[in-house]
Amino acid sequence: MRVALLGPVAWRTPPHHYGPWEQVTGLLAEGLITRGVDVTLFATLDSVTSADLDGVCPRGYADDPAMDGRVWEAMHVSHAMARSSQFDLVHSHLDWLPLAFAEHCRAPLLTTVHGFSAAGILPAYTRARSSYVSISDADRVAGLDYVATVHHGVDLAGLPFTRDAGPGLVAFGRIHPDKGIHTAIEIARLAGRTLTICGIVQDERYFAEQVAPHIDGDQVVFLGSVGPRRRAEVLGASTALLHPITFDEPFGLSVVESMACGTPVIAYARGSMPEVVDDGVTGFVVNTVEQAVDAVTRVAGLDRAGCRARARQRFGADRMVTDYLAVYDDLTRRPHL
C-alpha cells in the first residue's frame, strides 16, 4: 500500500517543542513503515522521518517570521495533490485547506479532524469529497462522513514510567484561556501544592495579566515550551496533571502523555475528557475548583502503575497504527471516482 501522509508545516515533523499535529503525524508515519506500508510524508524539508520525505517548505513557518503561513501551506497542499495519483490513499492531517483541493485529489482522501478551529470552516468539510476520522467521539459534527474514531497514540518509549512522584502539580499546554492555566494556579494554591507550568505562550495578554503575576519561581514555576525528554521528566515527577479547560477539548495529547508516565490527570468534564480519562483509574473528571482541590487530596490513592498500564492499552502508538490500517483497508476497497 502506498500512502501519502499530508502533514502540517507550522513546525518540523516531529516538532522540537510544540506541535501536536506534527507529533501525531510523524509517529503514525514511523508506525506504518514498521507494518510494511510505503509512506511518503509531505512535511517541512527539515523533518526527520523514515518515510520518503517530500515538500516545498524548507522549515516550519511558525519558526520563521519571514514566512507567510497562508502562502506556504497553499503551496504545500498543491504540491502534494499534484502527486496524488501516485498513491493508494492520501491521508491529511491539516486543517480545512486540503479540502478546498479535494476535487484535484486522484486518490481516496482521508482527513483526520484534529479539531475545528472555527465554525466558519465547516463548509469546507461538508462540501469536500473526503472521508473523516474523528480523534474523539466528543469532537464530531453532524453531516460528515466519519468512518471511525481513532484516538491519538503516543510514543511510550519516550514517556518512561515514574513510580514515585514528587508532591508538586503540573499544568501542561498552550498558555491560552482555553487551557485554564489561571484556574490551575488557583487549584494548586488552594491545595497547598507547588505548580509547574509548561507550554508556549499563545496569548500574550492572558499570560501577562493572569499567569505571569503568580510566577515566583517557588510556588509557581514557568518553564516555557519544553522538548520531548524534558516533557517526560516534568510530567513523571508530578503528583497530578491539572487540566481545567474552558473549551471542549477535541482530545488532549498532554493528558495521555501524563498518564503514560504514571501521573494521573485532574480534568474538567469538557469535550473529550470524560472519554479519555478513566475516572478513578487514570485520574478524576471534575466540574469545579472545589472538586479539583478535593481530587488533589485523593489522587495519591490511585495506582500509578495501573495508570500507565491503562494508557498503554488505550493510547499506545501501536494501537493507533492498527486502527488506521483498518480504516485504510476499508477505504481502498471502495470504488474511487
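See the structure above.
Caption draft 1: The pattern of salt bridges, seen in detail. This structure, assessed with the given rule, holds 16 salt bridges. The shortest N-O distance in the salt bridge between Arg314 and Asp278 comes to 3.3 Å. Pair noted here: Arg314 is in helix H11 (residues 304-315) and Asp278 is in the loop between helix H9 (273-276) and strand S13 (283-286), with a separation of 36 residues, a long-range link. Residue classification places Asp278 among the buried positions, given a relative accessible area of 18%. Among the ionic pairs, Asp330 bridges to Arg334, the shortest N-O distance being 3.1 Å. The class of Asp330 is partly exposed, set by a relative accessible area of 34%.

Caption draft 2: Focus on helix H12 (residues 317-333). The first and last C-alpha atoms of H12 sit 25 Å apart over 17 residues, in line with the 24 Å expected at 1.5 Å per residue. Within H12, burial applies to Ala317, Arg319, Met320, Val321, Tyr324, Val327, Tyr328 and Leu331.

Caption draft 3: Region of the structure containing the sheet that holds strand S12 (residues 265-268). Spatially, S10-S9-S8-S11-S12-S13 is the arrangement adopted by the 6 strands of the open sheet, whose pairing is parallel. Looking at which strands have only one partner, the edges of the open sheet turn out to be strand S10 (220-224) and S13. The average angle at which neighbouring strand axes cross in this sheet is 20°, direction not considered. The pairing of strand S8 (residues 169-172) with strand S9 (residues 195-198) spans 4 bridges and is classified as parallel. What sits directly across from Ala171, in S9, is Ile197. Helix H8 (residues 253-260) contacts S8, strand S11 (240-243) and S12 of the sheet and is inclined by roughly 170° relative to S11.

Caption draft 4: A look at the nonpolar core. Of all hydrophobic cores here, the largest spans 80 residues; its most connected members are Leu5, Leu195, Ile197, Leu242, Met259 and Tyr328. For this core, the leading source of residues is H12, giving 7 residues. Among all residues touching Ile197, those that are not within four sequence positions of it are Ala171, Ile175, Ile181, Ile185, Val211, Val220, Val221, Phe222, Leu223 and Gly224. Phe42, Phe87, Leu97 and Val113 belong to the second largest nonpolar core, which has 23 residues in total.

Caption draft 5: Representation of the pairing of S9 within the structure. For the crossover that starts at S8, traverses helix H5 (residues 181-191) and ends in the parallel S9, the hand is right-handed. Bridging between S9 and S10 involves 4 bridges; their strand directions are parallel. Pairing of Leu195 across the sheet is with Val220, part of S10. Read from S9 through helix H6 (residues 204-211) to S10, the crossover connection turns out right-handed.

Caption draft 6: Main features of helix H2 (residues 69-82). For H2, built from 14 residues, the straight-helix expectation of 20 Å at 1.5 Å per residue is met to within 8% by its first-to-last C-alpha distance of 20 Å. Here H2 has its buried residues at Gly69, Glu73, His76, Val77, Ala80 and Met81. In an axial view of H2, the angular spread of the buried residues amounts to 125°, which keeps them on one side of the axis. Lining the buried residues of H2 we find strand S1 (2-6), strand S2 (38-42), helix H3 (97-100) and strand S5 (109-113).

Caption draft 7: Summary view of the pairing of S5. Most of S5 sits out of view: 5 of its 5 residues are buried. By the bridge criterion, 3 bridges tie strand S4 (residues 89-92) to S5 in an arrangement that is parallel. Residue His91 lies in a different strand from S5, and its bridge partner there is Leu110. Judged from the 4 bridges that link them, S5 and strand S6 (residues 131-134) form a sheet pairing that is parallel. Each bridged residue has a counterpart across the sheet, and for Thr112 the counterpart in S6 is Val133. Following the backbone out of S5, through helix H4 (residues 122-127) and into the adjacent parallel S6, one traces a crossover that is right-handed.

Caption draft 8: Summary view of the packing of H8 against H11. Interhelical geometry of H8 versus H11 gives an angle of 130° and a closest axis separation of 7 Å. Between H8 and H11, the angle is such that the two are oblique. From H8, Val256, Met259 and Ala260 reach across to H11, where they touch Cys307, Arg308, Ala311 and Phe315. The residue makeup of the contact of H8 with H11, split by class, is 6 nonpolar, no polar and 1 charged.

Caption draft 9: Geometry of the side chain of Arg231. Mapped onto the secondary structure, Arg231 falls in helix H7 (residues 228-236). Reaching out from Arg231, the side chain makes a polar contact with the backbone oxygen of His17 at a distance of 3.3 Å. Setting aside its immediate chain neighbours within four residues, Arg231 contacts His17, Gln23, Phe172, Val226 and Glu257.

What counts as what
Residues numbered from 1 in each chain as written. Predicted model: local features only at pLDDT ≥ 70, side-chain atom pairs only at ≥ 80, totals over all residues. Heavy atoms only, no water. Salt bridge = Lys/Arg side-chain N within 4 Å of Asp/Glu carboxyl O. Helix = DSSP H or I, 4+ residues; strand = E, 2+ residues; numbered from the N terminus. Buried < 20%, exposed > 50% of the residue type's maximum accessible area, 1.4 Å probe, protein only. Expected span 1.5 Å × (residues − 1). Pairing = 2+ DSSP bridges. Axes fitted to C-alpha atoms, helices over the stretch in contact; angles between N-to-C directions. Contact = heavy atoms within 4.5 Å. Core = buried A, V, L, I, M, F, W, Y, C linked by side-chain atoms within 4.5 Å. Right-handed = clockwise from strand over helix to strand, strands pointing away. Arc of directions from axis to C-beta. Parallel < 35°, antiparallel > 145°, perpendicular 65-115°, else oblique. Nonpolar A, V, L, I, M, F, W, Y, C, P; charged D, E, K, R; others polar. Polar contact = N/O pair within 3.5 Å; in protein donor to acceptor, adjacent residues only side chain to side chain.

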